[in-house]
Amino acid sequence: MDKLSKKIGVVVVSTIVCTLMSGIISWITSDRETLSHETQKEVSKTWSGEQNIIGPVICVPLFSEKQVGANSCMYVLPETLDLTADMKCEKLHRGIFDAMVYRSTLTGEGRFNLSDISGLQNDTSSTRMDWSRAQLIMAIGDKRGIEEGIALTVNGKSYDLSHRFNNYENQSLSSVFSNSYETICCMIDLSEEAGKTSVPFTVSTCLKGSESISLAPVGESSTLTIQGDCEDPSFHGFVLPTSREVNEDGFKATWKILSLNRNDVERVFCASEPKSFQMVSTRLMQLGGQYTKIWRVIRYSFLVILLSLLAVFVAELSVKRYLNILNYVLISAALVLFYLILLAFSEWIGFAWSYLVSVIMVISMVVLYLIGIVKDKKVAMAVGLFLTLVDCFIFILLGLENMSLLIGTLALFVLLGAVMFLSLRFNVKDTEAKDENKLRITIEDEK
């Protein structure tokens, strides 16, 4: 086996070993990402968790003559509902990790239609509704986030939601909201409003929360708006926003939903057990997103390391100076160290700046090392320029997202063509050298 084949074998083996070593760094990245998420959860426990708002809803007890306490409740959802959640985000620090939290101002208005519902109370005439002991109820994801109480006005009268659900002397009776939510309510006398077609209401409160905020479109016609100063929100739920705006100053998303669009409960229904409500939500920018980007960079490690070692190999051939296995091992170690430097600095200065620092540190080390070996600054600088272009290409590829596969495939195609062309030149030079050696031997024999 000639020296050229041996050296190609060294390049291939070094690339495979370095790729396996980068897998260890990916494991470290996963561990740091887990620690970041645990920090976010720990902060949420002391601040406030995800906020889920459902309501307001009217609860009217149904009493039977033969039973002590209410046997069930009738619930009335708003005919129209217009809610707006205005969020102000904050970063809380825990060591080197950050946690994203927010304060939100929730305001809303709407109206109830309390006409033509007396016939829905039950099939038996022995059951009666007690409008004088009705409740206004809402569901909150985490009541620790309530800062100023929940103020409600119904038909011009003010109420403060600050009590637990009243089970009307029936221990088996529970709120219509799931146990994963916390029910906030107040007692209200709706005897005068019963039968009216339009009972207006307003609601306002200030809530603390973290990670996300969700609203339930419980009205026959609901308009829900979530806005804030988060730069990178994501929208979830059973339907996407009708309109949304995201820019450097913040975001605004609006959902316009009819009762026909959702499949949960009717406007008026009877229930003695919790029901499930469909919701729409906005999730804040997930801190620790640099770990995802580092994961994506490591996926390209095989390609980057292979191209880097091939560039060193071509430089070796061009200056006709021999690089031993130790030289390739040290250069490979520097290439793997790039990913560890990127991970370490990204937790302090962010992904983009840490990527720049890593590129400068590693490429400078490789160039200076090559200058000491090949004794040719131009060739070493050319290798450094090539490595810089490769790293810049990977960085651009990360930002393309949806087009990254297409652009990456085309780049590999062009690169393969260039390598095939260079291999032809090496073969030609190798053949010419062998022909010259044969001719020299023949001439010497003739002499």
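Residues numbered from 1 in each chain as written. Predicted model: local features only at pLDDT ≥ 70, side-chain atom pairs only at ≥ 80, totals over all residues. Heavy atoms only, no water.

Asker: How should I be thinking about the overall build of the protein in this particular structure?
Answerer: Secondary structure assignment for the protein yields 7 helices and 17 strands. Looking at the protein as a whole, 44% of its 447 residues are labelled buried. Look at the contacts in the protein between residues 6 or more apart in sequence, and 77% of them connect residues 24 or more apart. Total accessible area computed for the protein in this model is approximately 23,600 Å², and 57% of it derives from carbon and sulfur atoms. (Helix = DSSP H or I, 4+ residues; strand = E, 2+ residues; numbered from the N terminus. Buried < 20%, exposed > 50% of the residue type's maximum accessible area, 1.4 Å probe, protein only. Contact = heavy atoms within 4.5 Å. Areas by Shrake-Rupley, 256 points an atom, 1.4 Å probe, with all protein chains shown as cover.)

Asker: In this structure, what is going on with the pairing of strand E3 (residues 80–94)? I would like to understand it.
Answerer: Successive residues of a regular strand alternate their side chains across the two faces of the sheet. Here E3 runs beside strand E4 (residues 97–112); their pairing, made up of 15 bridges, is antiparallel. Bridging from a neighbouring strand, Lys91 pairs with Met100 of E4. Pairing geometry for E3 and strand E12 (residues 221–228), over 8 bridges, is parallel. Residue pairing in the sheet places Leu83 in a bridge with Leu224 of E12. (Pairing = 2+ DSSP bridges.)

Asker: How do you make sense of a nonpolar patch on the surface when you look at a structure like this?
Answerer: A surface patch of nonpolar side chains, about 770 Å² in accessible area, is lined by Phe345, Trp348, Ile349, Trp353, Leu356, Ile360 and Met361. Those elements that provide at least two residues to the nonpolar patch are helix H4 (325–349) and helix H5 (351–374). Per-element tally for the nonpolar patch: the top contributor is H5, with 4 residues. Its location among the elements puts Met361 in helix H5. (Patch = residues over 30% accessible without salt bridge, like charges linked within 9 Å, V, L, I, M, F, W, Y side chains within 5 Å. Salt bridge = Lys/Arg side-chain N within 4 Å of Asp/Glu carboxyl O.)

Asker: Can you walk me through empty space enclosed by the protein in this structure?
Answerer: Over the atoms, a rolled probe matching the size of one water molecule traces out where space is still vacant. Scanning all chains against the criterion turns up 2 cavities of 30 Å³ or more. One number sums up the size of the largest cavity: a volume of about 90 Å³. Looking at the largest cavity, the residues that line it are Val304, Ser308, Leu335, Phe338, Tyr339, Val362, Ile363, Leu387 and Asp391. Taken together, the elements giving at least two residues each to the lining of the largest cavity come down to helix H3 (301–319), H4, H5 and helix H6 (377–400). Among the elements that take part in the lining of the largest cavity, H4 stands out by supplying 3 residues, more than any other. (1 Å grid on protein atoms, 1.4 Å probe; cavity = no way out; pocket = protein on both sides within 12 Å on 5 of 7 lines; lining within 4 Å. Points joined across faces, edges and corners; volume = space filled by probe spheres on them.)

Asker: How should I be thinking about the sheet that holds strand E8 (residues 157–161) in this particular structure?
Answerer: Backbone-to-backbone hydrogen bonds join strands into a sheet, with any given pair of strands oriented parallel or antiparallel. Taken together, 8 strands build an open sheet; the order of strands is E8-E7-E10-E4-E3-E12-E15-E14 and the sheet is mixed. In the strand order of this sheet, the two ends are held by E8 and strand E14 (243–247), each with one partner. Averaged over all neighbouring strand pairs, the angle between strand axes comes to 15°, with direction disregarded. (Axes fitted to C-alpha atoms, helices over the stretch in contact; angles between N-to-C directions.)

Asker: Explain the packing of aromatic side chains here, please?
Answerer: Given two aromatic rings, their pairing is described by the distance between the two centres and the angle made by the two planes. Tallied over the entire structure, the rule returns 11 aromatic pairs. Ring geometry for Tyr75 versus Phe269: centroids 5.5 Å apart, planes at 25°, classification stacked. Residue Tyr75 is found in strand E2 (residues 70–76), and its partner Phe269 is found in strand E16 (residues 268–271); the two are separated by 194 residues along the sequence. Each member of the pair, Tyr75 as well as Phe269, carries the same accessibility label: buried. A network of ring pairs unites the aromatic residues Phe338, Tyr339, Phe351, Tyr355 and Phe395 as a single cluster. (Phe/Tyr/Trp six-rings, centres within 6.5 Å; stacked < 30°, edge-to-face > 60°.)

Asker: Looking at this structure, how should I read the pattern of salt bridges?
Answerer: For the coordinates displayed, the defined rule picks out 8 salt bridges. A salt bridge links Lys157 to Glu192, with the nearest nitrogen and oxygen atoms 3.9 Å apart. Placement of the pair is Lys157 in strand E8 and Glu192 in the loop between strand E9 (182–188) and strand E10 (199–210), with a sequence separation of 35 residues. Overall, the relative accessible area of 36% leaves Lys157 in the partly exposed class.

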